[in-house]
Every structure is written in C-alpha cells, then in structure tokens.
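Chains, contacts and geometry: an overview
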Amino acid sequence: MSALQTLAADGVTGNLGSIGYGLAAIGPGVGVGIIFGNGTQALARQPEAAGLIRANQIMGFAFCEALALIGIVMGFLFRS
C-alpha cells in the first residue's frame, strides 16, 4: 500500500468535518463583507443616520456569525 493510499484511507474521513466547516464559513464570510461594505457606503451617503445604520450592521453581523457557529456545531454533531 502506498503512502497516498494510506493517507486516503485513514486521513480523509477525519478531515471531512474540517473541509465541510471551511465550506460552510464561506457564506458568512461573504455576508459579513457585504454588510460592512454596504454599511460604509450608507454612512458616507447619510451620516445623520449613523445610529440606525450601525445598529442594522451589528444585527446583520450577528445573524451571519450565527450561521458560522451553526456550521461548526454541525461538524461536531454529524461526525462519522
């Protein structure tokens, strides 16, 4: 048995949760970037609405991070 076959037989099954979480973290990462990018543009256009915009940014950030936490928990729950 070659080293590559051994790695494929033993190592891949333990790392599927890590790969799944890495893929699950892409969505919240993009979402956080969009939230703060658009929030910065909104603050530049209407600085008088800074409090409302910042509150909405924080709420959107919390929802995106909740998705990331759900992704990491699912990796632990569905470990094979």
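1. Topic: the environment of Leu67
Position of Leu67 relative to the elements: it lies in helix α3 (residues 50-77). Taking C-alpha positions, Leu67 is 6.5 Å from Pro28, a pair spaced 39 residues apart along the chain.

2. Concerning α3
Under the 1.5 Å per step criterion, the end-to-end length of α3 is 40 Å for 28 residues, consistent within 8% with the ideal 40 Å. Burial in α3 covers these residues: Ile53, Gln57, Gly60, Cys64, Ala68 and Gly71.

3. Let's talk about the environment of Gly39
On the secondary structure map, Gly39 appears in helix α2 (residues 26-45). Residue classification places Gly39 among the buried positions, given a relative accessible area of 6%. Residues Gly39 and Ile53, spaced 14 residues apart in sequence, show a C-alpha to C-alpha distance of 6.5 Å. Leaving out residues up to four positions away in the same chain, Gly39 has contacts with Ile53 and Gln57.

4. Some points on the confidence of the model for the chain
Chain-level statistics for the chain give a pLDDT mean of 82 and a share of 76% at 70 or above. Mean pLDDT across the secondary structure elements of the chain bottoms out at helix α1 (residues 3-24), with 66, and peaks at α2, with 93.

5. A look at α2
The terminal C-alpha atoms of α2, which comprises 20 residues, lie 29 Å apart, in line with the 28 Å expected from a rise of 1.5 Å per residue. Residues of α2 that are buried include every one of Pro28, Gly31, Val32, Ile35 and Gly39, and no others. On an axial view of α2, the arc spanned by its buried residues comes to 100 degrees, and they lie on one face. In α2, the exposed positions angled more than 90 degrees off the buried face are occupied by Thr40, Ala44 and Arg45.

Calculation rules
- Residues numbered from 1 in each chain as written.
- Predicted model: local features only at pLDDT ≥ 70, side-chain atom pairs only at ≥ 80, totals over all residues.
- Heavy atoms only, no water.
- Helix = DSSP H or I, 4+ residues; strand = E, 2+ residues; numbered from the N terminus.
- Expected span 1.5 Å × (residues − 1).
- Buried < 20%, exposed > 50% of the residue type's maximum accessible area, 1.4 Å probe, protein only.
- Contact = heavy atoms within 4.5 Å.
- pLDDT = per-residue confidence, 0-100.
- Arc of directions from axis to C-beta.

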